[in-house]
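One-letter residues, chain by chain:
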Amino acid sequence: MPDHFETLAIHAGQPADPQTGAVMTPIYQTSTYAQPRVGEHKGYEYSRTGNPTRTALQDCLAALEGAAHGLAFGSGLAATDTIIRTLSPGDEVLVGGDVYGGTFRLFDKEYRRYGLEFRYMDATDPAAVDAALSAKTRMVWLETPTNPYLRLADLAAIAELLKQRPNAPLLVVDNTFASPYLQQPLKLGADIVLHSATKYLGGHSDSVLGLIALNDQALAQRLAFLQNAAGAVPGPMDCFLILRGLKTLHLRMDRHAANAQAVAAFLADHPKVSQLYYPFHSSHPQQALARRQMRNGGGMVSFEIAGGEAAARKVVERTRIFTLAESLGGVESLIEVPAAMTHLSTAGSPLEVSPSLVRLSVGVEYVDDLIADLEQALS
Ligand SMILES: *Cc1c(COP(=O)(O)O)cnc(C)c1O
């Protein structure tokens, strides 16, 4: 099959069903599989271990990330949890600044109890990442662009410096905000890519699911062992929904980005907006890196409001098309105050978010309607 993204998104891992010819991957809603003889089967024994709908999704995501292996989990955090389980007490993870609030919560409130160490640093400067590494660092955990400040990490530069370290820490990239359509971290030298497929990959805010893609065979086996042994697997219906979402990922991401670019331009000129965060806007300090590393600026826009916390809360309660809600990446536009919602768990930590920051997940509605909605909410 040609390896163009758009073609892979629609076909990879999804040949017509050999039994019936069904063009869409069937939802194999089964927990178990008949065996003609003891120990003899068609590759599936029990659906925690493997399910054909899940296999199709895993293979499709792997193709989109340019990976040899894909693994699906019940949520993005279940995928995160499974990756962390490969570590041992005493190991250290260097974590890029403003990671997803739930990732911070899992690391800080749960895994520190198991003797793992997490250090947080600003990953916008590769030299700072280099300086922060220690002999105990087993993993560097990054999001780019970050949530909610949309800061970037130079993946190629960081992957390169990690490979020169004697203990070669693994580079794990949470690619949720960009999606594989905008950037493919493995091709830039990362070791593991992680997704909350709940967001852009699914794209319709109707399911929760996590995905991992990687090339290393031994590590893939270890993660597949944990997928089965710990059992945080998704159901076949959710795998089907994410597969369906993947088919339009490229179309949606182009429109998300076009709309977000226009919304960012509107906000940049608005007197009540004191600071804009959008990777492809001229005000972004890493715009050059963004344009080198990403196909477009994506659909996330954050901004600081001049009137402080009260003004931020007022704006998010006044929009009519932008829905006040957590999450992101769906076709519909969402608005929120991260400090009080998605990033509440970071309060009092070094990852704390400004209370007057507003985050938008710009959807694929008619762009002038979105801008008019923000205009009335800000006035
Ligand atoms: C939502 C999100 C997660 C967690 O994924 P779930 O599917 O909600 O468990 C992880 N990372 C990022 C960047 C996210 O936005």
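Since we're looking at a predicted model, the values are computed, not measured.

1. Some details on the pattern of salt bridges
Thinking step 1. Going through the model one piece at a time under the given rule, you end up with 12 salt bridges.
Thinking step 2. Put simply, aspartate 108 and lysine 109 hold a salt bridge, and the shortest N to O gap is 3.0 Å.
Thinking step 3. What makes aspartate 108 buried here is its relative accessible area of 18%.
Thinking step 4. The partner of glutamate 110 in a salt bridge is arginine 113, with the nearest N and O atoms 2.8 Å apart.
Thinking step 5. With relative accessibility at 28%, the residue glutamate 110 sits in the partly exposed group.

2. A short note on the domain arrangement of the protein
Thinking step 1. Domains assigned within the protein are domain 1 (5-246) and domain 2 (249-378).
Thinking step 2. Relative to domain 2, the C-alpha centre of domain 1 lies at a distance of 25 Å.
Thinking step 3. Counting residues at the interface gives 44 residues for domain 1, matched by 42 residues for domain 2.
Thinking step 4. Carbon and sulfur atoms make up 62% of the area that domain 1 and domain 2 hide from each other, which totals about 3,500 Å².
Thinking step 5. For domain 1, the biggest contributors to the area lost against domain 2 are Tyr149, Tyr181 and Tyr200; these three give 24% of the whole.
Thinking step 6. Salt-bridge contacts for arginine 292 lead to aspartate 154; the nearest nitrogen and oxygen are separated by 3.3 Å.
Thinking step 7. On inspection of domain 1 and its partner domain 2, the count reaches 20 residue pairs in polar contact (both at pLDDT 80 or more).
Thinking step 8. At the level of elements, α1 (5-11), α4 (101-110), α6 (155-163), α7 (179-182) and α9 (236-246) are the ones that each hand at least two residues to the side of domain 1 that touches domain 2.
Thinking step 9. Tallied by class, residues from the side of domain 1 that touches domain 2 come to 24 nonpolar, 13 polar and seven charged.

3. Overview of the pairing of strand β9 (residues 300-305)
Thinking step 1. Within β9, six of the six residues are buried, leaving the element largely enclosed by the surrounding structure.
Thinking step 2. Here β9 shows two buried faces, one formed by Met300, Ser302 and Glu304 and the other by Val301, Phe303 and Ile305.
Thinking step 3. Where strand β8 (residues 273-277) and β9 come together, four bridges link them in antiparallel fashion. By the bridge assignment for β9, glutamine 275 is matched with glutamate 304.
Thinking step 4. Both β9 and strand β12 (residues 357-361) contribute to a ladder of five bridges, which runs antiparallel.

4. Overview of the packing of aromatic side chains
Thinking step 1. Across all of its chains, the model carries seven aromatic pairs by this definition.
Thinking step 2. Seen in terms of ring centroids, tyrosine 33 and tyrosine 44 are 5.6 Å apart; in terms of plane orientation they differ by 35°. Their pairing is tilted. Of this pair, tyrosine 33 sits in the loop between α1 and α2 (52-64) while tyrosine 44 is found in the loop between α1 and α2, placing the two residues 11 residues apart along the sequence.
Thinking step 3. Of the residues examined, tyrosine 33 reaches a relative accessible area of 16% and is grouped as buried.
Thinking step 4. Ring pairs connect the aromatic residues Phe107, Phe118 and Trp141, which therefore count as one cluster.
Thinking step 5. Here the basic side chain of lysine 199 rests over the ring of tyrosine 100, its NZ or CZ set 5.0 Å away from the ring centre.

5. Here's the deal with the nonpolar core
Thinking step 1. Among the nonpolar cores identified, the biggest contains 70 residues, and Leu57, Leu267 and Leu360 are the most heavily contacted of them.
Thinking step 2. Tallying contributions element by element places helix α10 (residues 249-268) first for this core, with eight residues.
Thinking step 3. Inspection of this core shows a minimum of three residues originating in each of domain 1 (5-246) and domain 2 (249-378).
Thinking step 4. Once residues lying within four places of it in the same chain are set aside, the contact partners of leucine 360 are Val263, Leu267, Gly299, Met300, Val301, Phe303, Phe322, Leu334, Ile335 and Leu374.
Thinking step 5. Judged by nonpolar contacts, the second largest core, of 27 residues, contains Phe104, Tyr111, Ile212 and Leu214.

6. What about helix α12 (residues 308-318)?
Thinking step 1. Of all the residues in α12, the buried ones are Gly308, Ala312, Val315 and Val316. Take α12 and look down its axis: the buried residues cluster within an arc of 90°, on one side only. In α12, the exposed positions angled more than 90 degrees off the buried face are occupied by Ala310, Lys314 and Glu317.
Thinking step 2. In this structure, the buried side of α12 is in contact with β9, β10 (323-324), β11 (334-336), β12 and α13 (367-378).

What counts and how
Residues numbered from 1 in each chain as written. Predicted model: local features only at pLDDT ≥ 70, side-chain atom pairs only at ≥ 80, totals over all residues. Heavy atoms only, no water. Salt bridge = Lys/Arg side-chain N within 4 Å of Asp/Glu carboxyl O. Buried < 20%, exposed > 50% of the residue type's maximum accessible area, 1.4 Å probe, protein only. Domains from an automatic or database assignment. Contact = heavy atoms within 4.5 Å. Buried area = accessible area lost by both parts, 1.4 Å probe. Polar contact = N/O pair within 3.5 Å; in protein donor to acceptor, adjacent residues only side chain to side chain. Helix = DSSP H or I, 4+ residues; strand = E, 2+ residues; numbered from the N terminus. Nonpolar A, V, L, I, M, F, W, Y, C, P; charged D, E, K, R; others polar. Pairing = 2+ DSSP bridges. Phe/Tyr/Trp six-rings, centres within 6.5 Å; stacked < 30°, edge-to-face > 60°. Lys NZ or Arg CZ within 6 Å of the ring centre and 35° of its normal. Core = buried A, V, L, I, M, F, W, Y, C linked by side-chain atoms within 4.5 Å. Arc of directions from axis to C-beta.

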